[in-house]
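# Tertiary structure, described
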Amino acid sequence: MTQPSPQQYDTLIIGAGAAGLHCAANAARRGKRVLVIDHAKQAGKKILISGGGRCNFTNLYASPENYLSSNPHFCKSALSRYTQWDFIALVDKHQISYHEKTLGQLFCDDSAKDIVKMLLAECDQYGARVQLRTEVLAVEHNGQYLLKTSAGHYQAEQLVVACGGLSMPKLGATPLGYQIAEQFGHSIIPVRAGLVPFTLQDDQKQRFGEVSGISVPVTAAANDGYFREALLFTHRGVSGPAVLQISSYWQPGDAVTVNLLPDMDAFEWLKNQQSEQPKVQLSTLLQSVFPKRLVNALGGEFDWPLNQRLADISHARFETIADNLNSWSLKPNGTEGYRTAEVTLGGVNVDEISSKTMESKCQPGLYFIGEVVDVTGWLGGYNFQWAWASAYAAAEAL
Ligand code: FDA
């Protein structure tokens, strides 16, 4: 039986997420006939749940220093040609109200739905077609790209891969983007979960599970990463922005150095308090800076003499306690993995993509944008900014 001839477009985009939709609208604005294909029932599912349902859509201070990649220079070109101010202008054009929550992070006042609506409205305005519930069965190239899908065959001169990373499979994440990259001769920088909570060994898990829900301001450091934000104790281990941020710098087996009193030299503080209030118990003193339950958990972890009066504790012991407080060497058991990770580190090797156009250097007409590429932002709107910027760079070149 002869197959019906494929429907012809100028540009096919796989993935109706942040990068795919933004690319589709901008390519269509430039006159391209664009079809976006996605297997999900809904476009922009990650956008909808992002930022606790309010989508932290960019960051006022986004710059290349906020990104991890095997080539840290790669993201510079796209980020400089489509900045946070460009995306803010689009949000303003659609009269979406927003606010800065903290550290330059911009969130919708109402709902992340506003951002998805905006992207779909832009696609609609310029005539980009978005087709959901469509499985990609095969990708072929015979002069043009042929997509064989559950809804029929589609053909185009250009194919944009915008199908994201592996985080949150329940939202539709698949390895298709990496598979297409490999099919056309690309190498993949090994992938792993990023912006993800840590799990702890059983004894620590039990101890700190008791203080689940308590959050403390800390600094967290590992390898080249250093963040000053909150750490949250959970039933499974530790989370909170400081932990999510440092997880992207962490490798299995590494310890994370946590400073529980980042504004204090704990040794000096303990000595001073010993002179000022010698009869006070260590436990009471520590309860002036931490919740009581946390003092008990930390006391158990480090074997602190909580019931002793400060006067009865030696300076040598204070040094050890201060070290525990100012540089706790916390060794995670692992991470919660892709189930809860916000992003996937690694991805399509950036040395094989043009930083100006996102076009493959291995295969003309093939483009990679968004999270599938080995560029990963910090927590705080940086990942969406990369999705917008890389999408725009490709759209300008299509
Ligand atoms: P994205 O994942 O958005 O889109 C990929 C699309 O491809 C999906 O629609 C998917 O269905 C489709 N697809 C996948 N496989 C397919 C297949 N085989 N066939 C067809 N279609 C396929 N970032 C940020 O900057 N601010 C924030 O507030 C948050 N918050 C946040 C919360 C949570 C819970 C998560 C998991 C992530 C975030 N992020 C974030 C990260 C951000 O969501 C992420 O970096 C971007 O969505 C990446 O955009 P992409 O378009 O590359 O992928």
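As the structure is a computational prediction, the values presented were derived from the model and not from experiment. For every chain, the first residue of its written sequence is number 1, and the numbers climb from 1 along that sequence. With pLDDT at 70 or above as the cut-off, local features in this predicted model cover only qualifying residues; side-chain atom pairs require 80 or more to be listed or tallied, and sums for whole chains, interfaces and linings still use all residues. Here the side-chain values reflect all heavy atoms present in the structure, with hydrogen atoms and water set aside.

### Looking at the site of the ligand
Around the ligand, the structure places 28 residues, and the nearest of them are Ala19, Asp38, Thr174, Glu371 and Phe384. Within the backbone of Gly381, an N or O atom sits 3.5 Å from an oxygen atom of the ligand. Between the ligand and the protein, one listed contact pairs an oxygen atom with a backbone N or O atom of Phe384 at 2.8 Å. What sets the accessible areas is the Shrake-Rupley method with a 1.4 Å probe; for residues, cover comes only from the shown protein chains. Computed on the free molecule, the ligand has an accessible area of 1000 Å², of which 93% lies beneath the protein chains in the complex. A run of H or I in DSSP becomes a helix once it reaches four residues, and a run of E becomes a strand once it reaches two; helices and strands are each numbered from the N terminus. Only helix H1 (18–29), helix H2 (45–53) and helix H13 (382–397) provide two or more residues apiece to the shell around the ligand. The greatest single-element share of the shell around the ligand, amounting to 4 residues, is contributed by H2. Each residue is tested against the molecule or strand, and it is near if at least one of its non-hydrogen atoms lies within 4 Å. Counted as a polar contact is a pair of N or O atoms within 3.5 Å, where, for protein atoms, one must be capable of donating a hydrogen and the other of accepting one, and residues adjacent in sequence contribute only when both atoms are in side chains.

### Here's the deal with the packing of helix H7 (residues 202–209) against helix H11 (residues 292–302)
Fitting a line to C-alpha atoms yields each axis, with helices limited to the stretch in contact; the angle taken between N-to-C directions then spans 0 to 180 degrees. Where H7 contacts H11, the two axes come as close as 9 Å, and the packing angle between them is 155°. The orientation of H7 with respect to H11, classified from their angle, is roughly antiparallel. The two elements H7 and H11 meet at a crossing, and its hand is right-handed. Note on element contacts: H11 touches H7 through Ala297, Leu298, Gly300 and Glu301, opposite Gln204, Arg207 and Phe208. The class makeup of the residues in the contact of H7 with H11 is 3 nonpolar, 2 polar and 2 charged. Roughly parallel means an angle under 35 degrees; roughly antiparallel, over 145; roughly perpendicular, 65 to 115; everything else is oblique. If you view the pair so one helix is near and one far, a crossing is left-handed when the near helix is turned anticlockwise from the far one by less than a right angle, and right-handed when it is turned clockwise. Here, two residues are considered to be in contact whenever any of their heavy atoms come within 4.5 Å of each other. Think of it as three bins: nonpolar holds Ala, Val, Leu, Ile, Met, Phe, Trp, Tyr, Cys and Pro, charged holds Asp, Glu, Lys and Arg, and polar takes everything else, Gly as well.

### Re the pairing of strand S3 (residues 34–37)
Going residue by residue along S3, you find Val34 and Val36 tucked away on one face and Leu35 and Ile37 tucked away on the opposite face as well. In this structure, strand S2 (residues 11–14) lies alongside S3, joined through 4 bridges in parallel fashion. Counted as the bridge partner of Ile13 is Val36 from S3. Crossover connection from S2 via H1 to parallel S3: handedness right-handed. We treat two strands as partners when DSSP finds at least two bridges between them. With 3 bridges connecting them, S3 and strand S8 (residues 129–131) associate as parallel partners. For Leu35, the partnering residue across the bridge sits in S8 and is Arg129. Buried residues are those whose accessible area, probed at 1.4 Å on protein chains only, stays under 20% of the maximum for their type, while exposed residues exceed 50% and partly exposed ones sit between those limits. We call a crossover right-handed when, viewed with the strands running away from us, the connection from the first strand over the helix to the second turns clockwise.

### Overview of the packing of aromatic side chains
Aromatic rings from Phe, Tyr and Trp, with only the six-membered ring used for Trp, were paired whenever their centres fell within 6.5 Å, and each pair was classed as stacked if the ring planes differed by under 30 degrees, edge-to-face if by over 60, and tilted otherwise. Per the counting criterion, the structure on display carries 17 aromatic pairs. Between Phe302 and Trp328, the aromatic rings sit 5.6 Å apart at their centres with planes inclined by 80°, giving edge-to-face as the arrangement. Here Trp328 lies in strand S19 (residues 328–330) and Phe302 lies in helix H11, a separation of 26 residues in the sequence. Residue Phe302 is classed as buried on the basis of its relative accessible area of 17%. Given the relative accessible area of 2%, Trp328 is considered buried.

### Digging into the nonpolar core
Here, the term nonpolar core denotes a set of buried Ala, Val, Leu, Ile, Met, Phe, Trp, Tyr and Cys residues that are joined through side-chain atoms within 4.5 Å. Within the largest apolar cluster, 82 residues are counted, with the highest numbers of intra-cluster contacts made by Ile115 and Trp386. In terms of residues, this core owes the most to one element, H13, which gives 10 residues. Contacts of Ile115, omitting those with residues within four sequence positions, involve Ile47, Cys55, Phe57, Phe87, Val91, Ile96, Cys108 and Trp388. Ranked by size, the runner-up nonpolar core spans 47 residues in total, among them Ala266, Phe290, Phe302 and Leu310.

### Overview of the UniProt feature "domain: RsdA/BaiN/AoA(So)-like Rossmann fold-like" (unreviewed entry) in the chain
The sites that carry the UniProt feature "domain: RsdA/BaiN/AoA(So)-like Rossmann fold-like" (unreviewed entry) are, in the present numbering, residues 10–396. With 33% helix and 25% strand, residues 10–396 has end C-alpha atoms that lie 14 Å from one another. UniProt positions are given in the numbering used here, feature names are shortened, and annotations may be inferred rather than shown by experiment.

### Some details on the pairing of S2
Where burial is concerned, the two faces of S2 agree: the one with Thr11 and Ile13 and the one with Leu12 and Ile14 are both buried. The sheet contact formed by S2 and strand S12 (residues 158–161) spans 4 bridges and is parallel. Of the residues in S12, the one forming a bridge with Ile14 is Val161.

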